[in-house]
Amino acid sequence: MANGSLSIKRSITVRAVVTPRWKEDAERELSNALVASDGQLAQLEQEGQQLVDEIRRQSINPLDPRVQDQVASVQQQVAAKRAELEDQKRQILEQQRQVRELEMEQIVEQGQLESFCEVQVGDNLVQKLQASVLVRDGVIEAIEGAS
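Residues numbered from 1 in each chain as written. Predicted model: local features only at pLDDT ≥ 70, side-chain atom pairs only at ≥ 80, totals over all residues. Heavy atoms only, no water.

Q: Explain the nonpolar core to me, please; I cannot follow it from the model alone.
A: The nonpolar side chains of a soluble globular protein tend to be buried, and buried together. If you look at the biggest cluster of nonpolar residues, it comprises 15 residues, and the most contacted ones within it are Ala-16, Val-18, Trp-22, Val-99, Leu-102, Val-108 and Val-135. Looking at this core, the elements that each hand over two or more residues are strand S1 (5–17), helix H1 (20–58), helix H2 (65–101) and strand S3 (131–136). Sort the elements by how many residues they give to this core and H1 lands first, with four residues. What Val-108 contacts, discounting residues up to four positions off in sequence, is Val-14, Arg-15, Ala-16, Val-18, Trp-22 and Leu-102. Grouped together as the second largest cluster of nonpolar side chains are nine residues, Leu-41, Leu-44, Ile-55 and Val-74 included. (Core = buried A, V, L, I, M, F, W, Y, C linked by side-chain atoms within 4.5 Å. Buried < 20%, exposed > 50% of the residue type's maximum accessible area, 1.4 Å probe, protein only. Helix = DSSP H or I, 4+ residues; strand = E, 2+ residues; numbered from the N terminus. Contact = heavy atoms within 4.5 Å.)

Structural data, given as structure tokens:
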């Protein structure tokens with residue numbers, strides 16, 4: 001710090017050029033996410049039903065209000081988790097639709113990376129923090145704001 005410089009962490013935006021390969025990879029990832037989501041839903045339903053069956057099997061009187069309350073509680077938890085998973089699935093389907101509508105050579109944000117940069121007295125902090133990388137099929141085409 002004696003020389004007036006400091007190393008700071010910054011986010012770097014990764015932007016991608018839409019190409020046939022990029023679209024294919026994005027659609028494959030989203031399709032895999034849909035399959036995983038469907039699997040989670042099926043597993044949730046199965047585990048929820050097994051838990052309800054187990055509660056009823058272990059009780060002397062399955063019609064006892066306390067047993068019914070336990071069953072209702074499990075069913076509510078399953079319904080809440082189901083709604084959450086179905087919302088995630090809707091989001092994935094929306095992302096799939098958006099990917100299909102992208103035009104070739106369009107530039108899209110793909111994510112974030114983190115790096116460190118040196119700053120010193122007199123630097124423009126806003127400019128130092130605004131860094132991005134442009135990639136085409138995984139190959140870096142441009143680095144902006146790297147100083």
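Q: What should I look at first to understand the sheet that holds strand S4 (residues 139–144) in this one?
A: The strands that make up a sheet are held in pairs by hydrogen bonds between backbone atoms, and each pair lies either parallel or antiparallel. Spatially, the four strands line up as an open sheet ordered S2-S1-S3-S4, and their pairing is mixed. Each edge of the open sheet is held by one strand with a lone partner, namely strand S2 (107–120) and S4. Direction aside, the axes of adjacent strands within the sheet are offset by 25° on average. Bridge analysis of S1 against S2 gives 13 bridges, and the strand direction is antiparallel. When the sheet's bridge partners are listed, Ile-12 is paired in S2 with Leu-113. (Pairing = 2+ DSSP bridges. Axes fitted to C-alpha atoms, helices over the stretch in contact; angles between N-to-C directions.)

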